[in-house]
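One-letter residues, chain by chain:
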Amino acid sequence: SVMSRGTAAARQGHVLLALANFQEALGIARALLAMPGERSDDCVAALVVSHHNLAEVQLDAGGDDLAAAHLALAHETLMHLLCDPAPAGALRQAALRHSRETHAALLLYLEAHGAHPVIARALRAGCLGMAVGPLH
């Protein structure tokens, strides 16, 4: 799979190849999310893992800002799914489940690298997303 090729490239230190594979995986995950009837949890998981893999490769390459952007975008995408009444309930449930993982990744970034405005914005989006309470 594209994801496993990216992981193998990252392990071998082939940063550009890893980034290209993870970007492709992210594109596939986004396309699947837009298709009704797809397995929601798998699609959301693929999106989160793709963003987190991209962030990890960026961090290893010294791209702290790009890493923060990927972590933030993963979380903000899930918050958008939670707040948007249009997606099916299963998709919102998957977004809620995986938002715990994206929230934890934001906090780990803060702990390891200190404050970052993009991370702060994503955490605020998470607070707003939870306050809206879209799952009723």
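Worth saying up front: this structure is predicted, and the values here are computed from it rather than measured. Here, residues in each chain are numbered from 1, in the same order as that chain's written sequence. The model is predicted, so local features are restricted to residues of pLDDT at least 70 and side-chain atom pairs to those at 80 or more, both for listing and for counting; the totals for chains, interfaces and linings are taken over all residues. Computation of side-chain values: all heavy atoms of the structure, hydrogens and water removed.

Quick word on the environment of His14
Next, step 1: Only DSSP runs of H or I with at least four residues qualify as helices, and only runs of E with at least two residues qualify as strands; both kinds are numbered from the N terminus onward. Mapped onto the secondary structure, His14 falls in the loop between helix 1 (2-11) and helix 2 (15-33).
Next, step 2: Note: C-alpha distance between His14 and Val57 (43 residues apart in sequence) is 9.6 Å.

Regarding the nonpolar core
Next, step 1: Ranked by internal contacts, the top residues of the largest apolar core, which has 23 residues, are Phe22, Leu33, Val44, Leu47, Leu78 and Leu81.
Next, step 2: Only helix 1, helix 2, helix 3 (40-60), helix 4 (64-83) and helix 5 (89-113) provide two or more residues apiece to this core.
Next, step 3: When residues of this core are assigned to their parent elements, the largest contribution, seven residues, is made by helix 2.
Next, step 4: Note on contacts: a residue pair qualifies if any of its non-hydrogen atoms lie within 4.5 Å across the two residues. Not counting residues within four places of it along the chain, the set of residues in contact with Leu78 comprises Val44, Leu47, Val48, Ala95, His98, Ser99 and Thr102. Among buried residues, those of type Ala, Val, Leu, Ile, Met, Phe, Trp, Tyr and Cys that are joined through side-chain atoms within 4.5 Å constitute a nonpolar core. Relative accessibility decides the category of a residue: with a 1.4 Å probe and only protein chains considered, values under 20% of the type maximum give buried, values over 50% give exposed, and everything between is partly exposed.

A look at helix 5
Next, step 1: A helix is expected to span 1.5 Å multiplied by its residue count minus one. Over its 25 residues, helix 5 runs 36 Å from end to end, which matches the ideal 36 Å to within 8%, given 1.5 Å per residue.
Next, step 2: One axis is fitted to the seven residues ending at the residue and one to the seven starting there. The bend at that residue is the angle between these axes. The largest bend along helix 5 reaches roughly 35° and is located at His98.
Next, step 3: A positive phi of about 85° marks Gly114, the residue just after helix 5.

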